[in-house]
Amino acid sequence: MSVSTDGLRQRKTATGQETKAVENKKTATLTEDDGTNFVEGGIEQNAFFFGLLVAAPFLSLLLAYLTSEEMATEFPGYATHPVTVMLGVCVSDPAGCASSVVKSGLSVVPTLPATQFVLSFMGVALVLERFLPGKIECGPETLTGHIPKYVDNAVLHCVIYTALFYLGSNIGYGDLYDFGIIYDLFPGSVAFLNLFGLAFCVFLTLKGIYFPSTQDSGSSGSLFKDFVWGTELYPRVFGLDLKRFVNCRFSMTFWQLAGLSFCYRSYTLHGHTMDWGLFFSALSQYLYLFKFFLWEMGYMRSIDIIVDRAGFEIQWGCLVWVPAVYTLHSRFLVQYPSGLSFAAAAGLFILSMTGVVLNYMADRERDVFRATNGEALVWGKKPSFIKATYTTIDRKTGESSQKTSLLLASGFWGVARHFQYFFELTAAWSWCLLANPLQNGVLVLSYAAFLTYLLIDRAERDSKKCHLKYGKYYEEYCLLVPYKILPGVY
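Residues numbered from 1 in each chain as written. Predicted model: local features only at pLDDT ≥ 70, side-chain atom pairs only at ≥ 80, totals over all residues. Heavy atoms only, no water.

Would you mind showing me how to read helix α5 (residues 94-106) here?
In an α-helix, one turn spans 3.6 residues, which is why side chains three or four residues apart end up on the same side. Compared with an ideal rise of 1.5 Å per residue, which puts 13 residues at 18 Å, α5 spans 18 Å between its outermost C-alpha atoms and is within 8% of the ideal. Looking only at α5, the buried set comprises Cys97, Ser104 and Gly105. Burial along α5 is one-sided: seen end-on, the buried residues are contained in an arc of 95 degrees. Along α5, exposed side chains directed more than 90 degrees from the buried face belong to Ala95, Lys103 and Leu106. (Helix = DSSP H or I, 4+ residues; strand = E, 2+ residues; numbered from the N terminus. Expected span 1.5 Å × (residues − 1). Buried < 20%, exposed > 50% of the residue type's maximum accessible area, 1.4 Å probe, protein only. Arc of directions from axis to C-beta.)

Set out below in structure tokens:
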């Protein structure tokens, strides 16, 4: 969608003369898309994402079936040899292949135990969200002047939820469920989340049009675009921030605990033998997501939150796509162990944690820079930065005002505009390599390949957003930091 959040046309009086009041405070005429935090681009301009979004619900069911016990039993060798075995069968018998694919996907349906588990998982997260204490933090002001507020209790949520999940299981004290429950109920959980996610996105679409929480809302004029992209930037219900709850408190917590659950199920399934590839993959991802909760306020200032509206692309993605794809490489190992030695797995673990630590250091560096208004030293030196101005607008009065941002061009942020993405990809590829693609096939690389494409696309979108928001100031910044992710490459 070719729209802009900063190309505001200045309104003049009928005589062409500005009044004295306007000399101090400029006003602007709102176009349909002004102040709505859209970014130029969109799925209709990205064929890959468009096709992926259309196919994603069914694909998520197939991925759940792919890593199930049924798949391993009914189609031995298919998952670990997708090119030589699976593709060969499909080429020799296209009709039979298509029939099997459809049948397999449709066999993944919601079950009562899975539905109860998912709702209970959400319920615990909701209780913690409501009652855990924390300092009030603010996100960046939108172009309509809205400043989102959050209770900063993410680390407390992470620690308490992990403890509760352990204590309630058979290896804790409650013995209410088996610690491998996330794997055992995974297909039914994804099927339920699919239906729940689609209904939830319909609700979000209607809410943003008819009873939005803030002025950063409204229809694009296309029902399909409204459903996919969303109609509201910061939806809340009874004070609950829906984006943070879905994106962080459900999605990230589910991903974090899933690896531990998969590791336990593998351990019990294979004669109490530890799969070091799965163990170190689960441990690294757990620590990565602990880092995420430690940095959650930084995420609340990222493009996912401050630009992307609450629609199918983000909310369904966090409810279904994250569990189905982001855990695929770990889930795969339950039926197909990695076979990696302790030394090989530990080496990849160290590489992954190097990426996790450097990713955090880069994010933290920018947060400190912003918090100190550019006064803190960066790598022992006074930082270089661009002081950029931009315009916000009050949609009720049509009046605009000037704001200032500092664009850091030192440290990690002087190497590349999104150098932290390289560290995140280092961790992601390490996790997938821990699934041993040489033995288990290329499907275990799916998450890392998807994330690579996603982060490249996000870097492009962020560049467009910043060009629209900061104009000539961002062009000056790009001269200082010409590369987007990796110097000399991209």
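Following the structure, the description resumes.
Sorry, what's going on with the packing of aromatic side chains here?
Aromatic ring pairs are defined here through the distance separating the ring centres and the angle between the ring planes. This model, assessed by the stated rule, comprises 45 aromatic pairs. Ring centres of Phe121 and Tyr161 lie 4.9 Å apart, and the angle between their planes is 40 degrees; this geometry places the pair in the tilted category. Residue Phe121 is located in helix α6 (residues 112-131), and its partner Tyr161 is located in helix α7 (residues 154-167); the two are separated by 40 residues in the primary sequence. With a relative accessible area of 3%, Phe121 lands in the buried category. Using a relative accessible area of 4% as the deciding quantity, one classes Tyr161 as buried. When the centroid spacing of 6.5 Å and the interplanar angle of 35 degrees are considered together, the rings of Trp316 and Trp321 count as tilted. We classify Trp316 as buried; its relative accessible area is 2%. Of the residues examined, Trp321 reaches a relative accessible area of 9% and is grouped as buried. Ring pairs connect the aromatic residues Phe227, Trp255, Tyr288, Phe312, Trp316, Trp321, Tyr326, Trp431, Tyr447 and Phe450, which therefore count as one cluster. (Phe/Tyr/Trp six-rings, centres within 6.5 Å; stacked < 30°, edge-to-face > 60°.)

Help me understand the confidence of the model for the protein chain, please; the structure alone is not making it clear to me.
Fine structural detail should not be taken from predicted coordinates in areas where pLDDT scores are low. Mean pLDDT over the protein chain stands at 88; residues scoring 70 or higher make up 90%. Under a pLDDT of 50 for its full length, residues 1-41 has, in the predicted model, 87 contacts with residues more than four places off or in other chains. (pLDDT = per-residue confidence, 0-100. Contact = heavy atoms within 4.5 Å.)

What exactly am I supposed to notice about the environment of Ser169 here?
For Ser169, the position within the fold is in the loop between α7 and α8 (181-184). Residue Ser169 is classed as buried on the basis of its relative accessible area, which comes to 0%. Remark: the alpha-carbon pair of Ser169 and Ile181, spanning 12 residues in sequence, is separated by 9.0 Å. Setting aside anything within four residues of it in sequence, one finds Ser169 in contact with Gly174, Asp175, Leu176, Tyr177 and Phe179. Of the polar contacts made by the side chain of Ser169, one reaches the backbone oxygen of Tyr166; its length is 2.8 Å. (Polar contact = N/O pair within 3.5 Å; in protein donor to acceptor, adjacent residues only side chain to side chain.)

Sorry, what's going on with the pattern of salt bridges here?
Summed over all chains, the structure comprises 15 salt bridges. Between Lys207 and Glu232 there is a salt bridge, and its shortest N-O distance comes to 3.2 Å. Placement of Lys207 in helix α9 (residues 186-210) and of Glu232 in the loop between α10 (223-229) and β5 (236-237) is noted, with a sequence separation of 25 residues between them. Lys207 gets classed as buried once you look at its relative accessible area, which sits at 3%. Between Arg244 and Glu296 there is a salt bridge whose closest N-O contact spans 3.2 Å. Placement of Arg244 in helix α11 (residues 242-269) and of Glu296 in helix α13 (residues 296-299) is noted, with a sequence separation of 52 residues between them. Taking the relative accessible area as the measure of exposure, Glu296 reaches 0% and is therefore buried. Three or more residues are tied together by salt bridges with common partners; here these are Glu129, Arg244, Arg249 and Glu296. (Salt bridge = Lys/Arg side-chain N within 4 Å of Asp/Glu carboxyl O.)

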